[in-house]
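Results of the structural survey
Listed here are the chains, written in short residue letters.
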Amino acid sequence: MTSTWTEPSNTATALLLLGRGTDPASERGVDCPGDLPAPSDPGLVERARAAKETLGDRVFVLGHHYQRDEVIQFADVTGDSFKLAREAAARPSAEFIVFCGVHFMAESADILTGPDQRVVLPDLAAGCSMADMAVLGQVQTAWEQFEELGIAADVVPVTYMNSSADIKGFVGRNKGVVCTSSNAKRALTWAYEQGSKVFFLPDQHLGRNTAVLEMGFELDDCVLYDPHKPNGGLTAEQLRNAKMILWRGHCSVHGRFTIDSVREVRERVPGVNVLVHPECRHEVVRAADQVGSTEYIIKALEAAPAGSAWAVGTELNLVRRMALAHPDKQIMFLDRTVCYCSTMNRIDLPHLVWALEELVAGRVPNQIVVDADTAHHARVALDQMLALP
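The structure displayed is predicted, hence computed values, not measured ones.

Let us now look at the overall build of the protein chain. In terms of helices and strands, the protein chain carries 16 helices and 14 strands. Taking all 389 residues of the protein chain together, the buried fraction comes to 59%. Sequence separation of 24 or more characterises 67% of the internal contacts of the protein chain that already satisfy a separation of 6 or more. Total accessible area computed for the protein chain in this model is approximately 16,200 Å², and 49% of it derives from carbon and sulfur atoms.

Here it is as structure tokens:
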């Protein structure tokens, strides 16, 4: 059966196709990074295969769902960030963990794996704009403000998996918990059993969407802490009255989707199901038919009946992969613009081949190491997540 997949527009009317402008409808700071690089030289495929076979069970390659197909084909396991870190921890016999993802994911793998295992990130430039929006010094300043107001004892910090090891360590030191997009409600329920307020890092949208749409909070129960404004841009009264203190951070990919995207696809495709990630803005999530984590999106599309139509609001590599895997369904990208996760796509086949061949040569490139103190406290917060009912 022929796939119904249609590549998003690359005409002059497509917004930001080459990163040559700003879309006023997008969240501030959200830009399209540009074209996806062309597929790598086919000769690299054989080199990657040969290096991986030479290393055998000594190497375990993890591939995030947002990676390109040319990289995913060499992954021993694919998944979201937490699933991959957990899979790495479940392979104690693997000497090398090659993480095809971004920096915070490799850090989590280093925290959860044994001392004799070494985690490699093929390109150190593969960061995460969301994780970078929460800097430890800024977060500590906010916490000091809570202490001065006398509310810190009531505040439980919760950080999304998409955060740096430093932030996870901060949360562990302050008796908080890590969450994922699939267990955010469970994590918040636990947090509110420990205190009356939650300090949610770094993705404001996941925190707000979970609190309001899953836990029955009002939007007024949530306040937005902006680290670039004095006192976070909030008054003492706002902080004292808030149930949810949201850090001003967001995903540069999921922030692309707008309410206009939803309206446009509903007009264009009658009966379409809109399926989005909870990192999308609140109004987009409210307008969608279904919302869920990356794993949820994959399972929903797999279970969907033949002939159904789906507009999906998440990273384009995954949407394309699902569309090509399910040609009996009409699966499309929610945005009409080509826009990839620029940092995730830094892990390309040349970088993967280089990393594997370095390991074959007895050299460990780009090893990710979290210092022992940070790793200990981050592990406390991660373990608390694993212990959630």
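Text resumes after the structure shown.
Attention now goes to the pairing of strand β8 (residues 222–225). Bridge count between β8 and strand β9 (residues 244–247): four bridges; the pairing is parallel. Looking at the pairing, L224 lines up with L246 of β9. A crossover links β8 with its parallel partner β9, the connecting element being helix α10 (residues 236–241), and its sense is right-handed.

On to the sheet that holds strand β13 (residues 330–333). In space, the four strands of this open sheet follow the order β11-β10-β12-β13, with parallel pairing throughout. Either end of the sheet is taken by a strand with one partner, and the two such strands are β11 (290–291) and β13. Across four bridges, the pairing between strand β10 (residues 273–276) and strand β12 (residues 309–313) is parallel. Note that in β12 the partner of N273 across the bridge is W310. Running over the sheet, helix α13 (residues 294–303) touches β10, β11, β12 and β13 and is turned about 155° from β10. With respect to the sheet, helix α14 (residues 316–325) is in contact with β12 and β13, its orientation differing from that of β13 by roughly 165°.

When you line up the elements, A191 lands in helix α8 (residues 184–194). Accessibility expressed as a relative area gives 0% for A191, which makes it buried. Between the C-alpha atoms of A191 and V177, which are 14 residues apart in sequence, the distance is 7.7 Å.

This brings us to the nonpolar core. Residues V98, F146, F199, F200 and M244 are the most contacted members of the largest nonpolar core, which totals 129 residues. Non-local contacts of M244, meaning those with residues more than four positions away in its chain, are made with L188, Y192, V198, F200, G207, A211, D221, C222 and V223.

We now examine the packing of aromatic side chains. Counted according to the given criterion, the structure contains 10 aromatic pairs. Judged by centre distance (5.8 Å) and plane angle (65°), the ring pair of W143 and F146 falls under edge-to-face. On the criterion of helical spacing, the pair formed by W143 and F146 is a turn pair, its members being three residues apart in helix α6 (residues 136–149). The burial state of W143 is the same as that of F146; both residues are buried.

Moving on to the side chain of K197. For K197, the location among the structural elements is in strand β7 (residues 197–201). D154 provides the closest opposite charge to the buried, unpaired K197, separated from it by 6.4 Å. Within the structure, K197 has its side chain in polar contact with the backbone oxygen of A242 (distance 2.7 Å). In this structure, K197 is in contact with I151, D154, V155, V156, Y192, L239, R240, N241, A242 and K243, ignoring residues within four places of it in sequence.

So, on to the confidence of the model for the protein chain. Across the protein chain, pLDDT averages 88, with 89% of residues at or above 70. Low pLDDT, under 50, characterises residues 10–24; the stretch is placed with 23 contacts to residues that sit more than four places away or in other chains.

Quick look at the pairing of β12 now. On any regular strand, side chains alternate: one points to one face of the sheet, the next to the other face. Counting buried positions over the five residues of β12 gives five, a clear majority of the element. What you see with β12 is no split at all: A309, A311 and G313 on one side and W310 and V312 on the other are buried throughout. Pairing geometry for β12 and β13, over four bridges, is parallel. In the strand pairing of β13, A309 is matched with Q330. Traced from β12 through α14 to β13, the parallel crossover comes out right-handed.

In the structure shown here, the tally under the stated rule is 15 salt bridges. The shortest N-O distance in the salt bridge between R47 and E357 comes to 2.8 Å. In this pair, R47 is assigned in helix α1 (residues 43–55) and E357 in helix α15 (residues 349–360), connecting sequence segments 310 residues apart. A relative accessible area of 41% places R47 in the partly exposed class. The salt bridge involving R58 is made with E95; its shortest N-O contact spans 2.9 Å.

Moving on: α6. Look at α6: 20 Å from first C-alpha to last across 14 residues, which is about the 20 Å you get at 1.5 Å a residue. Turning to α6, its buried residues are V139, A142, W143, Q145 and F146. Projected down its long axis, α6 shows its buried positions confined to an angular sector of 150°, all on one face. Contacts made by the buried residues of α6 are with β5 (155–160), α7 (165–173), β7, β8, α10 and β9. With its phi angle positive at about 80°, G150 sits one or two positions after the end of α6.

Cut-off values and rules
- Residues numbered from 1 in each chain as written.
- Predicted model: local features only at pLDDT ≥ 70, side-chain atom pairs only at ≥ 80, totals over all residues.
- Heavy atoms only, no water.
- Helix = DSSP H or I, 4+ residues; strand = E, 2+ residues; numbered from the N terminus.
- Buried < 20%, exposed > 50% of the residue type's maximum accessible area, 1.4 Å probe, protein only.
- Contact = heavy atoms within 4.5 Å.
- Areas by Shrake-Rupley, 256 points an atom, 1.4 Å probe, with all protein chains shown as cover.
- Pairing = 2+ DSSP bridges.
- Right-handed = clockwise from strand over helix to strand, strands pointing away.
- Axes fitted to C-alpha atoms, helices over the stretch in contact; angles between N-to-C directions.
- Core = buried A, V, L, I, M, F, W, Y, C linked by side-chain atoms within 4.5 Å.
- Phe/Tyr/Trp six-rings, centres within 6.5 Å; stacked < 30°, edge-to-face > 60°.
- Lys, Arg positive; Asp, Glu negative; His and termini not counted.
- Salt bridge = Lys/Arg side-chain N within 4 Å of Asp/Glu carboxyl O.
- Polar contact = N/O pair within 3.5 Å; in protein donor to acceptor, adjacent residues only side chain to side chain.
- pLDDT = per-residue confidence, 0-100.
- Expected span 1.5 Å × (residues − 1).
- Arc of directions from axis to C-beta.

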